[in-house]
Amino acid sequence: MLEMTREEFEELVAEALDRIPPELTRLMDNVAVFVEDEPPADDPELLGLYEGTPLTERGEWYAGVLPDRITIYRGPTLRMCETREDVVAETEVTVVHEIAHHFGIDDARLHALGYG
């Protein structure tokens, strides 16, 4: 398994977030991004997870709720990648994938766009 500290991985996630076009980041609303070492035990290969209400599904009732949560998982990413460059690329894809869920884009469309 490729070695990378939690801090190094968090920096890669931050860099991936910085590469999201400002036109999109301005539209993101009430969402927080976290890095965790491992995903839930029932899905050990999960690279990222979006939990919340996509922007496309929010209505008048959406007020005073906790932020949506995007979690990027370090362990499975490092286990599947062979080089640091692979980790950088996979982290960027995962971050974009989870942010797309925040915008209401489903897995089928993301796979078709190459972010699956």
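See the structure printed just above.
First, a word on scope: everything that follows refers to the structure included in this document.

Conventions and cut-offs
- Residues numbered from 1 in each chain as written.
- Predicted model: local features only at pLDDT ≥ 70, side-chain atom pairs only at ≥ 80, totals over all residues.
- Heavy atoms only, no water.
- Helix = DSSP H or I, 4+ residues; strand = E, 2+ residues; numbered from the N terminus.
- Rg over C-alpha atoms; globule rule 2.2 N^0.38 Å.
- Buried < 20%, exposed > 50% of the residue type's maximum accessible area, 1.4 Å probe, protein only.
- Contact = heavy atoms within 4.5 Å.
- Areas by Shrake-Rupley, 256 points an atom, 1.4 Å probe, with all protein chains shown as cover.
- Lys, Arg positive; Asp, Glu negative; His and termini not counted.
- Charge placed at Lys NZ, Arg CZ, Asp CG, Glu CD.
- Salt bridge = Lys/Arg side-chain N within 4 Å of Asp/Glu carboxyl O.
- Core = buried A, V, L, I, M, F, W, Y, C linked by side-chain atoms within 4.5 Å.

### What about the overall build of the protein chain?
Piece 1. Helix and strand content of the protein chain: five helices and three strands.
Piece 2. When the elements of the protein chain are put in sequence order from the N terminus, they spell out α-α-β-β-β-α-α-α.
Piece 3. Relative to the compact-globule value of 13 Å for 116 residues, the protein chain shows a C-alpha radius of gyration of 14 Å, a close match.
Piece 4. Projected onto its principal axes, the C-alpha positions of the protein chain cover 45 × 30 × 25 Å.
Piece 5. Taken over 116 residues, the protein chain has a buried fraction of 35%.
Piece 6. Residue pairs at least 24 apart in sequence account for 73% of intrachain contacts in the protein chain once pairs closer than 6 positions are excluded.
Piece 7. Surface summary for the protein chain: the accessible area is close to 7000 Å², and the carbon and sulfur share equals 52%.
Piece 8. Charge centroids of the protein chain, computed over 9 positive and 27 negative side chains, lie 3 Å from each other.

### Observations concerning unusual backbone geometry
Piece 1. With phi around 55°, N30 is a residue other than glycine that occupies positive phi space.
Piece 2. Its location among the elements puts N30 in the loop between α2 (22–25) and β1 (31–36).

### Section: the pattern of salt bridges
Piece 1. In total, this model carries eight salt bridges according to the counting rule given.
Piece 2. Here R74 ties to D37 by a salt bridge, and the two come within 3.0 Å at their closest N and O atoms. On the criterion of sequence distance, the pair formed by R74 in helix α3 (residues 74–80) and D37 in the loop between β1 and β2 (48–51) is long-range, its members being 37 residues apart.
Piece 3. A relative accessible area of 30% places D37 in the partly exposed class.
Piece 4. Bridged by salt links that share partners, the residues R6, E10, D37 and R74 form one connected network.

### Description of the nonpolar core
Piece 1. Counting residues in hydrophobic clusters, the biggest one holds 17 residues, and the most contacted among them are M4, F9, V13, I72, V87, V95 and I99.
Piece 2. Mapped by element, the contributors of at least two residues to this core are α1 (6–18), β3 (68–73) and α4 (84–102).
Piece 3. Element by element, the count of residues in this core is highest for α1, at four residues.
Piece 4. Other than its neighbours up to four places away in sequence, V95 contacts V13, A16, L17 and I72.

Everything listed here is a matter of coordinates, which is why it stays silent on function.
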